[in-house]
Amino acid sequence: MNYNADGFSGKAGSDWTDADLKSNAFGALCPNGQKVKDLKITRDDKGVAKFTGRCKK
């Protein structure tokens, strides 16, 4: 995971579903109960996700 002023970016294994990422499963993307916003996900041929997004309170 990488965080910057504009949001975050990272990778997730194929066992993470798009729904897991969108719902911020386990607080993995956004800490302290924040919600995931503007999430964009792409997957490679092995199912590994690359994503970008922002956190909102």
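Since we're looking at a predicted model, the values are computed, not measured.

## Looking at the nonpolar core
Reasoning step 1: Membership of the largest hydrophobic core is limited to nine residues, which are Phe8, Ala12, Leu21, Leu29, Cys30, Val36, Leu39, Ala49 and Phe51.
Reasoning step 2: Elements that contribute at least two residues to this core include exactly β2 (7-12), β3 (35-43) and β4 (49-56).
Reasoning step 3: With sequence-adjacent residues up to four places away left out, Phe51 is seen in contact with Met1, Phe8, Ser9, Gly10, Lys11, Ala12, Leu21, Leu29, Leu39, Lys40 and Ile41.

## Considerations on the sheet that holds strand β1 (residues 2-4)
Reasoning step 1: Strand order in the open sheet formed by four strands is β1-β2-β4-β3, and the pairing between neighbours is antiparallel. On the outer flanks of this sheet lie β1 and β3, each paired with one strand and no other. Pairwise comparison of adjacent strand axes, ignoring direction, gives a mean angle of 15° for this sheet.
Reasoning step 2: Bridge count for β2 against β4 is five bridges, and the pairing is antiparallel. Residue pairing for β4: Ala12 is matched across the bridge by Ala49.

Parameters at a glance
- Residues numbered from 1 in each chain as written.
- Predicted model: local features only at pLDDT ≥ 70, side-chain atom pairs only at ≥ 80, totals over all residues.
- Heavy atoms only, no water.
- Core = buried A, V, L, I, M, F, W, Y, C linked by side-chain atoms within 4.5 Å.
- Buried < 20%, exposed > 50% of the residue type's maximum accessible area, 1.4 Å probe, protein only.
- Helix = DSSP H or I, 4+ residues; strand = E, 2+ residues; numbered from the N terminus.
- Contact = heavy atoms within 4.5 Å.
- Pairing = 2+ DSSP bridges.
- Axes fitted to C-alpha atoms, helices over the stretch in contact; angles between N-to-C directions.

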